[in-house]
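Architecture and fold: a report
Letter by letter, the chains look like this.
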Amino acid sequence: MSNLLEPRSGAQTDAPAGNGWKATLRRSVGLFNDFRVEQTDPARFYTALAADSVGQLAHYTAGETLEGTVLLDVGGGPGYFRDAFMDAGATYLALDADAGEMQGAGIVAEGSMLGDGMRLPVRTGSVDACYSSNVLEHVPTPTAMLDEMLRITKPGGVVFCSYTLWWGPWGGHETSPWHLLGGRFARRRYQRKHGHEPKNRYGESMYAATASAALRWACAQRKAGNAEILAAVPRYHPWWAAWLMRVPVVREVLTWNLLLVLRKM
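Residues numbered from 1 in each chain as written. Predicted model: local features only at pLDDT ≥ 70, side-chain atom pairs only at ≥ 80, totals over all residues. Heavy atoms only, no water.

The name recorded for the protein chain in an unreviewed UniProt entry is SAM-dependent methyltransferase, from Nocardioides albus.

With that out of the way, let us pick up the sheet that holds strand β5 (residues 153-164). As summarised here, the arrangement of the seven strands in space is β3-β2-β1-β4-β5-β7-β6, forming an open sheet in which the pairing is mixed. The sheet terminates laterally at β3 (112-114) and β6 (227-234), the two strands that pair on one side only. Within the sheet, the average angular offset between the axes of one strand and its neighbour, ignoring direction, is 15°. The pairing of β6 with strand β7 (residues 257-264) spans seven bridges and is antiparallel. Of the residues in β7, the one forming a bridge with Ala-232 is Leu-260. Each of β1 (70-74), β4 (127-133), β5, β6 and β7 touches helix α5 (residues 142-152); the most contacted strand, β5, lies at about 150° to it. (Pairing = 2+ DSSP bridges. Helix = DSSP H or I, 4+ residues; strand = E, 2+ residues; numbered from the N terminus. Axes fitted to C-alpha atoms, helices over the stretch in contact; angles between N-to-C directions. Contact = heavy atoms within 4.5 Å.)

What the rule picks out here adds up to 10 salt bridges. A salt bridge links Glu-204 to Arg-187, with the shortest nitrogen-to-oxygen separation between them at 2.8 Å. With Glu-204 in the loop between α6 (183-194) and α7 (211-223) and Arg-187 in helix α6, this pair connects stretches of sequence that are 17 residues apart. Here Glu-204 falls in the partly exposed class, since its relative accessible area comes to 47%. Here the salt bridges do not stand alone but share partners, grouping Arg-187, Glu-197, Arg-201 and Glu-204 into one network. (Salt bridge = Lys/Arg side-chain N within 4 Å of Asp/Glu carboxyl O. Buried < 20%, exposed > 50% of the residue type's maximum accessible area, 1.4 Å probe, protein only.)

Of all 12 residues in β5, nine are buried; the element is thus mostly enclosed. Regarding the hand of the β-α-β motif, the stretch spanning β4, α5 and β5 is right-handed. One ladder, built from seven bridges, connects β5 with β7; its direction is antiparallel. In the strand pairing of β7, Val-159 is matched with Leu-262. (Right-handed = clockwise from strand over helix to strand, strands pointing away.)

Taken residue by residue, helix α1 (residues 25-35) has Arg-27, Ser-28, Leu-31, Asp-34 and Phe-35 as its buried positions. Buried residues of α1, seen end-on, are gathered within an arc of 130° and therefore sit on one face of the element. Seen from the open side of α1, the exposed residues pointing more than 90 degrees away from its buried face are Leu-25 and Arg-26. Close packing links the buried residues of α1 with α2 (42-58). (Arc of directions from axis to C-beta.)

Moving on, we come to unusual backbone geometry. Between Ser-176 and the following residue, Pro-177, the backbone shows a cis peptide bond with an omega angle of 0°. For Pro-177, the location among the structural elements is in the loop between β5 and α6. Of note, Val-249 is a non-glycine position whose phi angle comes to about 70°, a positive value. One non-glycine residue, Trp-256, lies in the positive phi region at around 75°. Tracing the sequence through the fold places Trp-256 in the loop between α8 (250-254) and β7.

To continue, consider the environment of Arg-119. Positionally, Arg-119 belongs in the loop between β3 and β4. The exposed category is assigned to Arg-119, whose relative accessible area is 59%. The spatial distance from the C-alpha of Arg-119 to the C-alpha of Met-145 is 7.3 Å, given a sequence separation of 26 residues.

Membership of the largest hydrophobic core comes to 34 residues, with the highest contact counts inside it found for Leu-72, Val-74, Met-145 and Leu-260. Of all the elements in the fold, those that place two or more residues in this core are β1, β4, α5, β5, α7, β6 and β7. Residue contributions to this core peak at six residues, all from α7. Each residue touching Leu-72, except ones within four places of it in the same chain, is listed here: Leu-93, Ala-94, Leu-95, Met-113, Leu-120, Val-122, Val-127, Ala-129, Cys-130, Tyr-131 and Ile-152. (Core = buried A, V, L, I, M, F, W, Y, C linked by side-chain atoms within 4.5 Å.)

We now examine the packing of α1 against α2. Angle between the axes and distance between the axes are the two parameters that describe a pair of packed helices. α2 packs onto α1 with a crossing angle of 150° between their chain directions and a minimal axis gap of 8 Å. Between α1 and α2, the crossing angle belongs to the class labelled roughly antiparallel. In terms of crossing hand, the pair formed by α1 and α2 is left-handed. Where α1 approaches α2, its residues Arg-27, Leu-31, Asn-33, Asp-34 and Phe-35 are matched on the opposing element by Arg-44, Phe-45, Ala-48, Leu-49, Asp-52 and Gln-56. Class assignment for the residues of the contact of α1 with α2 results in five nonpolar, two polar and four charged. (Parallel < 35°, antiparallel > 145°, perpendicular 65-115°, else oblique. Left-handed = near helix turned anticlockwise from the far one by under 90°. Nonpolar A, V, L, I, M, F, W, Y, C, P; charged D, E, K, R; others polar.)

What follows is the structure, encoded as structure tokens:
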């Protein structure tokens, strides 16, 4: 599988880019510091992540810009990403399966829709970019969602999907690190300690997503001529840590969050 993850000629990596976005150690430290207050100050974390996402997604587009891009955010949630993408010139559409999540920032953004990520209510080949951040671990059949993201993207368009890996330190979300002893155990422990269920309930709204499953899917799409793999990297790591994805088992633990970027053929 490792040779299939090598970018093709002309494909980009997460090295410093022409649009100013860089996967540097300083960026990684900044995002980690923001992540530490994700539960208590979600606006700070998600606003910072949205700004970073604009640069990172543009890094894989023609001309390294989102100007004029029609973009669907699968699992757009409370809308923290809307302003960042629109300020970059994109036409922003968002889908979420939870009406409550869509109001998390106090508003339901224009262009938002309620729907299932595994059955996107969008025409085939109708968006320039399909983006999803930290959603794939919340669907029972991740490859079905990836299939849908690729389906609705235009030929030449970009699919950008990142998600939290189960065997990493944050794989159980608020039940971490006890998820490493089993998702159901961690869920029961959380309920006993806090007197209520966690927001992310293993087996219902959170699943054991792995890097290997998505990489196999991506390689199958490449072999079939459906897509080109532009990147398979640890999303929040510095660019020089991309080698982690080439080491089975190690990548499941140390990558933390996998970013998969494809260009539809």
